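The primary structure of each chain is shown beneath.
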Number of protein chains: 2
Amino acid sequence: MPEGLSVSERYSRLREALAAVVGPRHLLADAADLAPHLVEERGRYRGRSPFLVRPGSTEETAEVVRLCAEARVPIVPQGGNTGLCAGAIPFEAGDEIVVSLGRLKRIRDLDAENFTITVEAGCILAELQQAAAEADRLFPLSLGAQGSCQIGGNLSTNAGGVQVLRYGNMRDLTLGLEVVLPDGQIWDGLRGLRKDNTGYDLKQLFLGAEGTLGIVTAAVLKLFARPREIVTAFVAVPSPQAAVALLGRARSATGETVTSFELIPRLGLEMALRRIDGCSDPLSAPSPWYLLIELYGGGDEGSLAEALESLLERAFEESLITDAAIAQNAQQAADFWRLREGLVEAQKHEGGSIKHDVSVPVSRVPAFIAEATAEVERRIPGVRPVPFGHVGDGNIHFNLSQPEGSEREVFLARWEEINEAVHDIVARLGGSFSAEHGLGRMKVAEAERLKPPIEIEMMRRIKQTFDPHNLMNPGKVVRPDRPEGV
Amino acid sequence: MPEGLSVSERYSRLREALAAVVGPRHLLADAADLAPHLVEERGRYRGRSPFLVRPGSTEETAEVVRLCAEARVPIVPQGGNTGLCAGAIPFEAGDEIVVSLGRLKRIRDLDAENFTITVEAGCILAELQQAAAEADRLFPLSLGAQGSCQIGGNLSTNAGGVQVLRYGNMRDLTLGLEVVLPDGQIWDGLRGLRKDNTGYDLKQLFLGAEGTLGIVTAAVLKLFARPREIVTAFVAVPSPQAAVALLGRARSATGETVTSFELIPRLGLEMALRRIDGCSDPLSAPSPWYLLIELYGGGDEGSLAEALESLLERAFEESLITDAAIAQNAQQAADFWRLREGLVEAQKHEGGSIKHDVSVPVSRVPAFIAEATAEVERRIPGVRPVPFGHVGDGNIHFNLSQPEGSEREVFLARWEEINEAVHDIVARLGGSFSAEHGLGRMKVAEAERLKPPIEIEMMRRIKQTFDPHNLMNPGKVVRPDRPEGV
């Protein structure tokens, strides 16, 4: 850092230098241009930043990082800014530069025989899915924000979604990474290998690190065969216990082809029916719980549907399920998914929501739902829990709508208290208080409260080793145990 | 470290203290008792050690590590000692204590509904497979040494084997770890969760680290549905190109149920036929290459076999394959596998072997085999290459039998030279010089030669951060850039 410069001089010199690297029109400083990059998806946090830069290549990204490191100016890397824990926006202090990866959006390579695709960080998830499909391949990652989220963010948050049961999360789908390190060096780890045991698996450090150890600029990702047959069913089950029992049978009876296994409570279905256009109940009588089950197969048309049908018949005879509809065409399947996706949207119209993104061992999902529901009902009479989501992964979005007729702000003021109570139950059941959304800024304190101290200590040591000046997305994921320099 | 003690006093005090922790009969110091623990599988290295301890629990392991750390005495953790890179035996200097994990062999828990098993490091792989099968579950890791290798070694080397294509390697199969850190603290990361994004994924550091960052004492591992139908085929293909093309079609046509896809060259088959009792050629006419293909399914008996049969018929019409036999019963399937496993054993009877465990992108396997074969034939006229193995993962065991009638020692003296030449080809093709066996002691120098310097530097930083006194399996995987203390 140049000695003797004032802070404003330092930033103004840095700004000039960065503009020279990325080109002046890719350095945004107007409030209006910056605004959408300073607020996160749910609007709970709003940060400040002197300017944002949009590098156009890995080399430009490296030079940006190098210049910021030299000036000791902190960086917030940002992709599609669809994260739910405020991990990709700056703090209010206003001293962080936002580095937006949106211009790095090339698909560098698709190797169909190797079942891999090499993409840059700014590539939109849906475009990647499309490129894979055009090569008769499947990129399985699938989540609500796929039309705007970027793959760099998916990598940095180890994104999950609705197909993890079958294909794994983003970490499992990644074979190689290219990363700009906190000092501006480029690490080219873009290997497309299924087996590579030549030392510590360095890419694992950057996956899910939310930009706190470097900036992911590109990745080699696994592709799969595109399914020849997709079977989608909407099933009524009497209880979460029955759902879990059915999962085990479905995995066995269909040769591990279960791709999605989503739980929906009656209240969530009703909200979707009430609030979302074009939703209708696929079954004739109401049920307390539903499952949206989807299988991906490759055999002759119809064989997987037959396997599922016969499984559901046996389950019906044993009262494990009470009714079921198997989609007869793509439109019906889309209608089932519309209910599942719609309940999230519908909940926004039902007043305030207090949300949880938790996981427990699959076998403990029923206990979690029962205990957490009892606890929040005890604390807030009339609260409307809508526990839904990826029961096949043990990942429940335990979202609570405010009691009918209550005041939104009064309800939302209890966010932290309710989070703590629910997370304590999760911890007792051996679960995670952040299953797929990460820590970002929002859950750092909760991590310090709930994770074993030795884990926080190891995380701090890793952060200190790779980013000794605490310049890469500081304050996210892991905080130093004391302010720098003290 | 107590000041002013001689080295021999230090070791003698430590020995007493360790005997008190594990019990005197679990401290072995007799040369005969130690001997099998000081030499690795292939007999290329033989180390020395003052004694070996066998802790009986995680707590005892932690106390052993703590005492060694306090005395600044280095440790070599050891499982079944079946590794192929000398990673689990001490050096010749004789100052390292061997810590054998064999007594930690409990299966702590099996949760069938969560599809997980919690096992201790000393559990034999085959026993774990058996326990899973008894609960109607599959633990898929499968490799030659499964009757004696221990799961702690599998974890620490990120073991691969013959089912990685479908189920992933050991890293992919692991949900949680319990680790004794280099200072003797216990990290309990035994979580059985499919989704857990609460910070850096610490377990990844210890997986594949070959005991250089701590001692893995237990793990939570994924289980799968036990296949209801297993289809095994022995297929003649004209070339590695045809094998790769068939792989893509098989993955698509069978709904990603291809579990094993193993390449066998004619010479390897002939060696097995010549040397291994009970082997016979499943096909009537010789072919330059063969594939052993295995699919795991769950549907009605026969549906997967039909899918494979119709795929092979189409492939035959297009001259992608020249002949095929589908096993009609378990005995025939076992006979096919006997050829695949037998060729490794058979090669031992064909004189000296120079071995390589390499991977390249699957699409480049044909180029690799062609280039590497030409290169070694140029260097050693008459050499007999037997490139075989996991072509579905791009992982080829490129093993070379000495020319007929040549001298074994003269041939083996060229091990390093030939390794370097082959690894250079691998590097040019974007591959790995150690696909599944790790680095151990044997390939550390090769890692320093071939890996980007920045990767070696990151590995050194991690090692330094977690094991600042270089006491955990020192000299394996990554060496400090200078001797400690200089």
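Residues numbered from 1 in each chain as written. Chains lettered and ligands numbered in written order. Predicted model: local features only at pLDDT ≥ 70, side-chain atom pairs only at ≥ 80, totals over all residues. Heavy atoms only, no water.

- Chain A carries the name D2HGDH protein in an unreviewed UniProt entry, which gives Symbiodinium necroappetens as its organism.
- You can read under Cofactor (unreviewed entry) in the UniProt record for chain A the words "FAD". (UniProt positions renumbered as here; feature names shortened; annotations may be inferred.)

Considering the overall build of chain A
Next up, step 1: Secondary structure summary: chain A contains 16 helices and 19 strands in total.
Next up, step 2: Whereas a compact globule of 486 residues would reach a radius of gyration of roughly 23 Å, chain A reaches 23 Å, a difference of no more than 12%.
Next up, step 3: Along the three orthogonal principal directions, the C-alpha set of chain A runs to about 80 × 55 × 45 Å.
Next up, step 4: When the 486 residues of chain A are sorted by exposure, 63% land in the buried category.
Next up, step 5: When the accessible surface of chain A is totalled, it reaches about 17700 Å², and 48% of it is carbon and sulfur.
Next up, step 6: If you average the places of the 52 positive and of the 67 negative side-chain charges in chain A, the two averages end up 4 Å apart. (Helix = DSSP H or I, 4+ residues; strand = E, 2+ residues; numbered from the N terminus. Rg over C-alpha atoms; globule rule 2.2 N^0.38 Å. Buried < 20%, exposed > 50% of the residue type's maximum accessible area, 1.4 Å probe, protein only. Areas by Shrake-Rupley, 256 points an atom, 1.4 Å probe, with all protein chains shown as cover. Lys, Arg positive; Asp, Glu negative; His and termini not counted. Charge placed at Lys NZ, Arg CZ, Asp CG, Glu CD.)

Here we look at the side chain of Gln-129 of chain B
All names here are of chain B.
Next up, step 1: Residue placement: Gln-129 occurs in helix H4 (residues 125-134).
Next up, step 2: Of the residues examined, Gln-129 reaches a relative accessible area of 17% and is grouped as buried.
Next up, step 3: A distance of 2.6 Å separates the side chain of Gln-129 from the backbone oxygen of Leu-141, its partner in a polar contact.
Next up, step 4: Discounting residues that sit within four places of it in the chain, Gln-129 has contacts with Phe-139, Leu-141, Ser-142 and Gln-146. (Polar contact = N/O pair within 3.5 Å; in protein donor to acceptor, adjacent residues only side chain to side chain. Contact = heavy atoms within 4.5 Å.)

Brief notes about the packing of helix H8 (residues 240-253) of chain A against helix H10 (residues 303-317) of chain A
All names here are of chain A.
Next up, step 1: Remark: H8 packs on H10, axes separated minimally by 10 Å, with the N-to-C direction vectors making an angle of 145 degrees. By crossing handedness, the relation of H8 to H10 is classed as right-handed. For the pair H8 and H10, contact is made by Leu-246, Arg-249, Ala-250 and Ala-253 and by Ala-307, Leu-311, Leu-312, Arg-314 and Ala-315, respectively.
Next up, step 2: Residues of the contact of H8 with H10, tallied by class, amount to seven nonpolar, no polar and two charged. (Axes fitted to C-alpha atoms, helices over the stretch in contact; angles between N-to-C directions. Left-handed = near helix turned anticlockwise from the far one by under 90°. Nonpolar A, V, L, I, M, F, W, Y, C, P; charged D, E, K, R; others polar.)

Remarks on the interface of chain B and chain A
Where interface size is given, it is often the accessible area lost as the parts come together that is meant.
Next up, step 1: Tallying the contact residues gives 84 residues for chain B and 84 residues for chain A.
Next up, step 2: Across the interface of chain B and chain A, roughly 6900 Å² is buried in total on both sides, 54% from carbon and sulfur atoms.
Next up, step 3: On the chain B side of the contact with chain A, Lys-195, Asn-197 and Tyr-200 of chain B bury the most area, a combined 15% of that side's loss.
Next up, step 4: Linking chain B with chain A are eight salt bridges, by the criterion used here.
Next up, step 5: The tally of links from chain B across to chain A stands at 43 residue pairs in polar contact (both at pLDDT 80 or more).
Next up, step 6: The set of elements that each furnish at least two residues to the side of chain B that touches chain A consists of helix H6 (164-167), strand S9 (186-189), helix H7 (203-206), strand S11 (224-225), helix H8 (240-253) and helix H16 (453-466) of chain B. (Buried area = accessible area lost by both parts, 1.4 Å probe. Salt bridge = Lys/Arg side-chain N within 4 Å of Asp/Glu carboxyl O.)

A short note on the packing of aromatic side chains
All names here are of chain A.
Next up, step 1: Considering all chains together, one arrives at 14 aromatic pairs over all chains under this definition.
Next up, step 2: For the pair Phe-368 and Phe-398, a centre-to-centre distance of 5.4 Å together with 70 degrees between the ring planes defines the contact as edge-to-face. With a gap of 30 residues between them, Phe-368 in helix H12 (residues 365-379) and Phe-398 in strand S19 (residues 395-401) connect regions that are remote in the sequence.
Next up, step 3: For Phe-368, a relative accessible area of 0% corresponds to the buried category.
Next up, step 4: What links up through ring pairs into an aromatic cluster is the set Tyr-167, Phe-224 and Tyr-296. (Phe/Tyr/Trp six-rings, centres within 6.5 Å; stacked < 30°, edge-to-face > 60°.)

Concerning the relation of the copies chain B and chain A
Next up, step 1: Aligned on chain A, chain B shows an RMSD of 0.0 Å; the corresponding rotation is 180 degrees and the shift along the axis is 0.0 Å. Classification of the inter-copy transformation places it as that of a two-fold axis.
Next up, step 2: Here 100% of the contact residues of chain B are again contact residues in chain A; the copies associate through an equivalent surface. (Least-squares fit on C-alpha atoms with pLDDT ≥ 70 in both.)

A short note on unusual backbone geometry
Residue and element names in this part refer to chain A.
Next up, step 1: The backbone phi angle of Asn-81 is positive, close to 55 degrees, even though this residue is not glycine.
Next up, step 2: Asn-81 sits in the buried class, given a relative accessible area of 13%.
Next up, step 3: One non-glycine residue, Ser-319, adopts positive backbone phi at about 65 degrees.
Next up, step 4: Mapped onto the secondary structure, Ser-319 falls in the loop between H10 and strand S15 (323-326).
Next up, step 5: Judged by relative accessible area, which is 52%, Ser-319 ranks as exposed.

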